[in-house]
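Residues per chain are reported as follows:
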Amino acid sequence: MGDIDNYEAENELALYREYRDVIKIFRYVVETERRFYLANDVDVNVRSSKNGDIFFDVTLTDAWVWDIYRTSRFVPSVHVLTFKDLNVEELNKQDITRELDMDD
C-alpha cells in the first residue's frame, strides 16, 4: 500500500471513529446518492419541476456530514435537492448502544 492509500485508510478509520462517537447525539440517519448525514431534525418535501420530474427538497437541522475531506463535519443546517433515492431513518437509541458495544 502506498503513502496515499495509507493516508486515505487512516482518514476513513478516523471518520468512522468520529461517526461512532457522535451517532448517539442524533435522531436521524439520512442517505442521498452523494452523502450520508446524521441530523436531529429532517424536513422532506416532495416537489415537481416545471417538466413534471419529481424531486426531494430536504432540510436537515443540527447535522453531521460523512465526508472525509471536510474540515468541519458539524453544520447547523443542510439543504439538499435530489432527483435520486432518499433514505431517512429514525435512529433507535437502544440499537445504537448495542451495536457500539459490539464494536469495542
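Quantities reported herein were computed from a predicted structural model and do not represent experimental measurements.

S.K.: Can you help me understand the sheet that holds strand β5 (residues 87–90) in this one?
M.R.: Neighbouring strands of a sheet are bound in pairs by backbone hydrogen bonds; such pairs are parallel or else antiparallel. If you walk across this open sheet you meet the five strands as β4-β3-β2-β1-β5, and the pairing is antiparallel. Where the open sheet ends on each side, the last strands, each with one partner, are β4 (74–82) and β5. Neighbour-to-neighbour, the strand axes of this sheet turn through a mean angle of 25°, independent of strand direction. Alignment of strand β3 (residues 54–66) against β4, held across eight bridges, turns out to be antiparallel. Counterpart to Trp64 in the pairing with β4 is Phe74. Lying over the sheet, helix α1 (residues 3–22) contacts β2 (36–48), β3 and β4, oriented at roughly 90° with respect to β3.

S.K.: What is the right way to look at the pairing of β3 in this model?
M.R.: A regular strand carries its side chains on alternate faces of the sheet. Both β2 and β3 contribute to a ladder of 12 bridges, which runs antiparallel. When the bridges of β3 are listed, Phe36 appears paired with Trp66. With antiparallel pairing between neighbouring strands as the criterion, β2 and β3 make up a hairpin whose turn holds five residues, including Gly52 at a positive phi of roughly 95°.

S.K.: Which parts of the structure should I look at to understand α1?
M.R.: Every α-helix carries 3.6 residues per turn, so stepping three or four residues along brings you back to the same face. The end-to-end C-alpha separation of α1 is 29 Å, in line with the 28 Å expected for 20 residues at 1.5 Å each. Along α1, the positions that sit buried rather than exposed are Leu15, Tyr19 and Val22. The buried residues of α1 occupy one face: seen down the axis, they fall within an arc of 75°. Projecting away from the buried face of α1 at angles above 90 degrees are the exposed residues Asp3, Glu10 and Asp21. Turning to α1, the residues buried within the fold contact β2, β3 and β4.

S.K.: Honestly, the environment of Val42 in this entry has me stumped. Any pointers?
M.R.: Relative to the helices and strands, Val42 resides in strand β2. Residue class for Val42 comes out buried when judged on its relative accessible area of 18%. Sequence separation between Val42 and Ala63 is 21 residues, and the spatial gap between their C-alpha atoms is 9.4 Å. Excluding residues that lie within four positions of it along the chain, Val42 makes contacts with Tyr28, Val30, Val58, Thr59, Leu60 and Val88.

S.K.: Would you mind going over the side chain of Thr32 with me for this structure?
M.R.: Along the chain, the position of Thr32 falls in the loop between β1 (28–31) and β2. A residue is classified by how much of its surface remains accessible, and Thr32, at 14% relative accessible area, is buried. Other than its neighbours up to four places away in sequence, Thr32 contacts Tyr37, Val80, Asp85 and Leu86.

Definitions and limits used
- Residues numbered from 1 in each chain as written.
- Predicted model: local features only at pLDDT ≥ 70, side-chain atom pairs only at ≥ 80, totals over all residues.
- Heavy atoms only, no water.
- Pairing = 2+ DSSP bridges.
- Helix = DSSP H or I, 4+ residues; strand = E, 2+ residues; numbered from the N terminus.
- Axes fitted to C-alpha atoms, helices over the stretch in contact; angles between N-to-C directions.
- Contact = heavy atoms within 4.5 Å.
- Expected span 1.5 Å × (residues − 1).
- Buried < 20%, exposed > 50% of the residue type's maximum accessible area, 1.4 Å probe, protein only.
- Arc of directions from axis to C-beta.

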